[in-house]
Amino acid sequence: MKSFLQKVVNKENLTFEEMQEVSEGLLMKDVAPELKAGLLTALKVKGETTEEMAALVSTLKNAAVPFPHIQDAMDICGTGGDGSQSFNISTTSAFVLAAAGIKIAKHGNRSVSSKTGSSDLLFALGVPMEMSPAEHVNMLDECGITFLFAPHVHPKLKILCQEKSCLFRQIFNHIGPLANPIHLSSQLIGVYHKDLLPVFANVVKRLGRNHVMILHGAGGMDEASLIGRNEYMLIRDGEVKTGCFTPDEIGLPTYTAEDIRGGEVNKNVDITLEVLKGKEGPYLDTVLLNAACSLYASQRVKSFVEGVHIAREVIKSGKALEKLKQVQSFEIPMRKGVIL
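The numbers attached to residues start from 1 for each chain and follow its sequence in the written order. Local features are withheld for residues below a pLDDT of 70 in this predicted model, meaning they are given only at 70 or higher, and side-chain atom pairs are given and counted only at 80 or more; totals for whole chains, interfaces and linings count all residues. To obtain the side-chain values, all non-hydrogen atoms of the structure were used and water was disregarded.

## Topic: the pattern of salt bridges
Item 1. Salt bridge, as applied in this entry: a Lys or Arg side-chain nitrogen positioned within 4 Å of an Asp or Glu carboxyl oxygen. Under the defined criterion, the tally for this structure stands at seven salt bridges.
Item 2. Measuring nitrogen to oxygen at the nearest pair gives 3.7 Å for the salt bridge that ties Lys 325 to Glu 322. Within this pair, Lys 325 and its partner Glu 322 are both found in helix H15 (residues 319-328), separated by three residues, close to a single helical turn. Secondary structure follows DSSP: runs of H or I at least 4 residues long count as helices, runs of E at least 2 residues long count as strands, and numbering of each begins at the N terminus.

In structure tokens:
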């Protein structure tokens, strides 16, 4: 670890294999916290490369709670860090997508850039999260959606959390959306700065993933935004396609950042319920947009406009609200002392 630290301090990039060794060391108790902090600081100052980020993601996935292979699962999440204080856009959109027939395995955590993180919202809604892999699979099979609480599926991260490595928190926020322990068939990843678009696209390609949209929202949001122009990079069949769109191009109104402001958990619960019940306004339209982007990324639709239409119909029919109720009523079998 010390030799790798010296290399990074000298502004030299680590190879994929070297960064894997570093990442494994970060998760070990017997490596000095000061050495870990030094490595993380040096990496941050130097700037993480595609190989380094991909190696960290690979190590985190290998160290996560093992899951059986799941086919056709999708995740929708952002890096956080945009400071928008918006409501829980991707989490609310996840119920709409599941109701539309997309199998959702959403990876989430506590609050990063808002007052209420995805896990905070889901706990308040009574959605089960801290389950065994087999229980998550059962929920996915029965409900078409499951939610993975990052600290629960990445238990080795507790070591770094206990050491209070704030720099690690920053790096993990960057790669958190890539560290879902379930093998994904498609994904929508929001980033808070447009410079991260090619960075994430390169990492996604290095990891061999397909059907992934990296999106930067107008107003500096890590979600698709109705504030203005959105930019994205789409990885499909090994090729990278760049594009952009504005609200009027897909038939939706333009709003301000204040219009989609969230708040404490109770307020965000109310917003999510209002959206799933079909209450018209900026919250609903924002969810329609993000659901449309996800439908497009997963190749369910051929255009954003078609995606908005499907998402609207799913909400209007009551299926999205019923999906939430189905998840809330999901029963975890009695373990009887046996880990499922």
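## Some details on the sheet that holds strand E3 (residues 145-149)
Item 1. For two strands to count as paired, DSSP must find a minimum of two bridges between them. As summarised here, the arrangement of the seven strands in space is E3-E2-E1-E4-E5-E6-E7, forming an open sheet in which the pairing is mixed. The sheet terminates laterally at E3 and strand E7 (239-245), the two strands that pair on one side only. Strand-to-strand twist across the sheet, computed as the mean angle between neighbouring axes with direction ignored, equals 15 degrees.
Item 2. Here strand E5 (residues 212-216) runs beside strand E6 (residues 230-236); their pairing, made up of five bridges, is antiparallel. Considered in E6, the bridge of Ile 214 is made with Met 233. An axis is simply a line fitted to the C-alpha atoms; with a helix, the fit covers only the stretch in contact. Between two such axes, the angle follows the N-to-C directions and lies from 0 to 180 degrees.

## Things to note about the confidence of the model for the protein chain
Item 1. When pLDDT is averaged along the protein chain, the result is 90; 92% of the residues meet or exceed 70.
Item 2. The quantity called pLDDT is the predictor's confidence in a given residue, expressed from 0 to 100. Contacts are residue-level and defined by heavy atoms, with any inter-residue pair within 4.5 Å sufficient. Contacts for the low-pLDDT stretch residues 334-340, under 50 throughout, to residues beyond four places or in other chains number eight contacts.

## Describing the nonpolar core
Item 1. Throughout, nonpolar core names a set of buried Ala, Val, Leu, Ile, Met, Phe, Trp, Tyr and Cys residues whose side chains join them through atoms within 4.5 Å. For the exposure calls, accessible area comes from a 1.4 Å probe over protein chains only, and a residue counts as buried if that area is under 20% of its type's maximum, exposed if over 50%, partly exposed in between. In this structure, Phe 95, Val 96, Val 127, Ile 145, Phe 147, Met 213 and Cys 293 are the most contacted members of the largest nonpolar core, which totals 64 residues.
Item 2. Tallying contributions element by element places helix H13 (residues 282-297) first for this core, with eleven residues.
Item 3. Discounting residues that sit within four places of it in the chain, Ile 145 has contacts with Ala 94, Phe 95, Ala 98, Ile 104, Met 139, Leu 140, Lys 323 and Val 327.
Item 4. Grouped together as the second largest cluster of nonpolar side chains are 37 residues, Val 8, Ala 42, Leu 43 and Val 57 included.

## Focus: the packing of aromatic side chains
Item 1. Pairs were defined over the aromatic rings of Phe, Tyr and Trp, the Trp ring being its six-membered one, requiring ring centres within 6.5 Å. Orientation was assigned from the angle between planes: stacked under 30 degrees, edge-to-face over 60, tilted for the rest. A full pass over the atoms with the stated rule returns seven aromatic pairs.
Item 2. With centroids separated by 5.6 Å and ring planes inclined at 85 degrees, the aromatic side chains of Phe 123 and Phe 149 adopt a geometry described as edge-to-face. Taken together, the residues Phe 123 in helix H6 (residues 118-125) and Phe 149 in strand E3 connect sequence positions 26 residues apart.
Item 3. The class for Phe 149 is buried, based on a relative accessible area of 7%.
Item 4. Geometrically, the ring pair formed by Tyr 232 and Phe 304 is edge-to-face, given 5.8 Å between the ring centres and 80 degrees between the ring planes. With Tyr 232 in strand E6 and Phe 304 in helix H14 (residues 304-316), this residue pair connects regions lying 72 residues apart in the sequence.
Item 5. Tyr 232 sits in the buried class, given a relative accessible area of 6%.
Item 6. Taken together through their ring pairs, the aromatic side chains of Tyr 232, Phe 245, Tyr 296 and Phe 304 make up a single cluster.
Item 7. Placement of a charge over a ring requires the Lys NZ or Arg CZ to be within 6 Å of the ring centre, with the centre-to-atom vector within 35 degrees of the ring normal. Sitting above the plane of the Phe 16 ring, Arg 206 keeps its charged end 4.2 Å from the centroid.
Item 8. Taking NZ or CZ as reference, Arg 236 lies 5.5 Å from the ring centre of Tyr 296, over its face.

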